[in-house]
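Topology and contacts: notes
Next come the chains, spelled out residue by residue.
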Amino acid sequence: MSPELPTASIRRQVVLPLRFVDGYSTPARVLTFDGLADGLEHLALGLGGYANTSDHSVSPVTVPLVRPHSECLTGDVFGSQRCDCGAQLREGVERIAEVGGYLLYLRQEGRGIGLYSKLDAYLLQDAGFDTYEANLALGHAEDERDYTVAAQMLEALQVPRVALLSNNPDKAAQLTRLGITVAAQVPTGVHLSATNAGYLETKAWRGAHTLHLTDSDRRTRGNGSGHT
């Protein structure tokens, strides 16, 4: 039996024209909420058919594509190559816009440990720790993210059933436990670079993330780049 969630409600919504550094652009309907469990300022971005209506009860597709995306200032804003968060954000917006759905932008930096702690973890990674070991060494759990607010937002949006755009099985497990039906889990691409290969492989074997490598990705990994 799923826990009873505190009721959240839509606070405001505004249309925002998005444009990424590579020139891709699309409109988004950005929604804010009242009553979220942690009191933080999380956002939902309605994309595709969900960007074009002010009535959140209208469902352009039967099962919207949804990505809960955890904030990553270094990757999303500054284009850090130590992770693939910025690339996943860019990919997620375009793929959701193509079919219709929501990107939930969740304010839980560094797998929930915060920005400063994440940067401290980078220093430990430079000393030889992997991304999970570094979190533990700082006194945190390997992954402290909680998707309660994501489930609250989906309930407020009247979206009880989703196709989940994620390689992370924990997102599907938590949303299911919180009463959201995950009709399908849709993998994202793997954005491999010379500096994040070790990070991505560690997520695969320690966090059970699925990796769908392109031929180019396999060549990058085969060169041994990024295993620091």
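You'll find the structure just up there.
So, a few notes on the structure that sits alongside this text. In this convention, every chain numbers its residues from 1, walking through the sequence in written order. Predicted model: local features are reported for residues with pLDDT of at least 70 only, side-chain atom pairs are reported and counted for 80 or more only, and whole-chain, interface and lining totals are derived from all residues. The basis for every side-chain value is the complete set of non-hydrogen atoms in the structure, without hydrogens or water.

Here we come to the environment of glutamate 144. Helix numbering and strand numbering both begin at the N terminus, where a helix is a DSSP run of H or I of at least 4 residues and a strand a DSSP run of E of at least 2. Inspection of the secondary structure puts glutamate 144 in the loop between α4 (131-137) and α5 (148-156). Owing to a relative accessible area of 33%, glutamate 144 belongs among the partly exposed residues under this scheme. Remark: the alpha-carbon pair of glutamate 144 and glycine 110, spanning 34 residues in sequence, is separated by 8.8 Å. Contacts between residues were defined by any pair of non-hydrogen atoms, one from each residue, lying within 4.5 Å. Excluding anything up to four places from it in sequence, glutamate 144 contacts Arg111, Gly112 and Ile113. At a separation of 2.9 Å, a polar atom in the side chain of glutamate 144 contacts the main-chain amide nitrogen of alanine 141. Three labels apply to residues, based on accessible area from a 1.4 Å probe with only protein chains included: buried if under 20% of the type maximum, exposed if over 50%, partly exposed otherwise in between. Under the rule applied, a polar contact is a pair of N or O atoms within 3.5 Å (in protein, one hydrogen donor and one hydrogen acceptor; residues adjacent in sequence only if both atoms are side-chain atoms).

The end-to-end C-alpha separation of helix α2 (residues 85-99) is 21 Å, in line with the 21 Å expected for 15 residues at 1.5 Å each. Taken as a whole, α2 has its buried residues at Cys85, Gln88, Leu89, Arg90, Glu91, Gly92, Val93, Ile96 and Ala97. The first or second residue beyond α2 is glycine 100, which carries a positive phi of 100°. By this rule, a helix spans an expected 1.5 Å times one less than how many residues it contains.

What follows concerns the nonpolar core. What we call a nonpolar core is a set of buried Ala, Val, Leu, Ile, Met, Phe, Trp, Tyr and Cys residues that are connected through their side-chain atoms within 4.5 Å. Within the largest apolar cluster, 26 residues are counted, with the highest numbers of intra-cluster contacts made by Phe33, Ala44, Tyr102 and Leu104. Mapped by element, the contributors of at least two residues to this core are β2 (25-34), β5 (101-106), α5, β6 (161-165) and α6 (169-177). For this core, the element with the most residues is α5, which contributes 6 residues. One finds Leu47, Leu65, Leu89 and Ala163 within the second-largest nonpolar core, a separate group that totals 15 residues.

Moving on, we come to the packing of aromatic side chains. Here the distance between the centres and the angle between the planes together describe a pair of aromatic rings. To pair, rings of Phe, Tyr and Trp, with the six-membered ring standing in for Trp, must have centres within 6.5 Å; the planes then decide the type, stacked if under 30 degrees apart, edge-to-face if over 60, and tilted in the middle. For the structure on display, the rule yields 2 aromatic pairs. Each ring, one from phenylalanine 20 and one from tyrosine 24, has its centre 6.4 Å from the other, and the planes form 35°; the classification is tilted. Of the residues examined, tyrosine 24 reaches a relative accessible area of 18% and is grouped as buried. Considering the side-chain rings of tyrosine 50 and tyrosine 102, the 4.9 Å spacing of their centres and the 55° angle between planes classify their relative orientation as tilted. Here tyrosine 50 is found in the loop between β3 (43-47) and β4 (65-70), whereas its partner tyrosine 102 is found in strand β5, with 52 residues between them in sequence. Across this residue pair, the class does not change: tyrosine 50 and tyrosine 102 are buried. In this structure, arginine 90 is placed above the aromatic ring of phenylalanine 20, and the distance from its NZ or CZ to the ring centre is 5.7 Å. By the criterion adopted, a ring carries a charge over it if an Arg CZ or a Lys NZ lies within 6 Å of its centre and within 35 degrees of its normal. In this structure, arginine 111 is placed above the aromatic ring of tyrosine 132, and the distance from its NZ or CZ to the ring centre is 4.4 Å.

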